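Structural characterization, general
Chain by chain, the residues:
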Amino acid sequence: MRFFENCSDSECVDMFLSEHDKDAFGEIFKRYFEDTYRFVYSRVGNKAWTEEIVSNAFYTLIKAVQSYDKQARLKTFIFGIAINKIKQFWYKKYLLREVQLNEDLIVLDTEDREREAQEHKLLKIISMILEKLPEKYKLVLTERFLYEKSIRETAQSLDLSEENVRVIQFRALKKAAEVGEKLL
């Protein structure tokens with residue numbers, strides 16, 4: 001068994017790709033698992049969902065690592081995969097959800113149905129607006145308004161300065177309003 005603690009990310013990737021060395025991939029996993037877990041958990045807020053998403057992200061990394069550009073940071077590459085897995089998770093959870101319930105157990109009055117329909121419509125509009133925003137804008141708005149984090153918490157979570165979060169939030173809200181006006 002080799003020791004990889006002193007190898008660079010690109011050296012570990014090369015060893016994994018050229019020699020199919022599981023220990024090299026194990027070192028990559030060890031280096032980035034905790035950060036990836038925290039990153040995903042901050043966006044989904046559920047331990048079981050986070051574990052599923054992170055395991056899927058590292059499984060995808062095994063298949064996609066050959067496309068890693070060694071000039072970029074490996075952590076950024078892994079977070080990019082994680083972001084895609086988070087998007088897929090939320091899409092499946094909220095937009096493609098099929099719930100089969102016994103109709104006899106559901107009692108909804110007209111107000112509840114109308115409110116539910118309005119919330120669903122609003123969720124679709126918000127999703128359409130977010131899809132048209134740059135990734136950085138989406139992340140800040142999600143942290144601030146979906147997860148109700150403070151400027152400071154958002155800055156820490158996204159590894160940005162508080163001032164940068166304020167500027168991005170301002171620009172994101174302005175852009176979201178423009179996109180929303182075009183959609184409506």
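Points about the overall build of the protein chain
Looking only at helices and strands, one finds 8 helices and 0 strands in the protein chain. Going residue by residue from the N terminus, the α and β elements of the protein chain occur as α-α-α-α-α-α-α-α. Here the protein chain, with 184 residues, has 32% of them falling under the buried criterion. Long-range pairs, those at least 24 residues apart, make up 57% of the contacts in the protein chain between residues at least 6 apart in sequence.

Quick look at the packing of aromatic side chains
Applying the stated criterion across every chain, the model contains 10 aromatic pairs. Ring geometry for Phe 29 and Phe 33: centres 5.0 Å apart, planes at 35°, overall tilted. Of the two residues, Phe 29 and Phe 33 are both situated in helix H2 (residues 22–44); the distance of 4 residues between them amounts to about one turn of the helix. The exposure class of Phe 29 is partly exposed, given its relative accessible area of 35%. The exposure class of Phe 33 is partly exposed, given its relative accessible area of 30%. Look at Phe 33 and Phe 58: their rings are 6.5 Å apart centre to centre, the planes differ by 40°, and that puts the pair in the tilted class. With Phe 33 in helix H2 and Phe 58 in helix H3 (residues 47–64), this pair connects stretches of sequence that are 25 residues apart. Three or more aromatic residues link up through ring pairs in this structure, and these residues are Phe 29, Phe 33, Tyr 37, Tyr 41 and Phe 58.

Let's talk about the nonpolar core
The biggest cluster of nonpolar side chains holds 27 residues, and the ones touching the most others in it are Ile 28, Phe 39, Val 40, Phe 58, Leu 61, Leu 74 and Ile 78. Contributing elements (two or more residues each) for this core: helix H1 (9–19), H2, H3 and helix H4 (74–95). The residues touching Leu 74, leaving out its near neighbours within four places in the chain, are Asp 9, Val 13, Ile 28, Tyr 32 and Tyr 68. Of all hydrophobic cores here, the second largest spans 14 residues; its members include Ile 129, Val 140, Ala 155 and Leu 158.

Structural notes on the confidence of the model for the protein chain
Averaged over every residue, the pLDDT of the protein chain is 80; the share at 70 or more is 84%. Summarising per-element confidence for the protein chain, the mean pLDDT is lowest in helix H5 (residues 110–131) (72) and highest in helix H7 (residues 151–158) (91). Taken as a whole, residues 96–111 scores under 50 in pLDDT and shows 5 contacts with residues more than four places along the chain or in a different chain.

What counts, and where the lines are drawn
All residue numbers here refer to positions counted from 1 along the written sequence of the relevant chain. With the structure being a predicted model, the display of local features is reserved for residues of pLDDT at least 70 and the display and counting of side-chain atom pairs for 80 or more, all residues being used for whole-chain, interface and lining totals. Calculated side-chain values reflect all of the structure's heavy atoms, with hydrogen atoms and water omitted. A run of DSSP states H or I qualifies as a helix once it reaches four residues; a run of E qualifies as a strand once it reaches two. Both are numbered from the N-terminal end. The cut-offs for exposure are 20% and 50% of the maximum accessible area for each residue type, with area from a 1.4 Å probe on protein chains only; residues under the lower value are buried, those over the upper are exposed, and the others partly exposed. In what follows, residue pairs with any heavy atoms lying within 4.5 Å of each other are defined as contacts. Only the six-membered ring of Trp is used, alongside the rings of Phe and Tyr, when aromatic pairs are assigned; centres must lie within 6.5 Å, and planes under 30 degrees apart are stacked while those over 60 apart are edge-to-face, with the rest tilted. Among buried residues, the Ala, Val, Leu, Ile, Met, Phe, Trp, Tyr and Cys ones that are joined through side-chain atoms within 4.5 Å form a nonpolar core. Each residue carries a pLDDT score, the predictor's confidence in it, ranging from 0 to 100.

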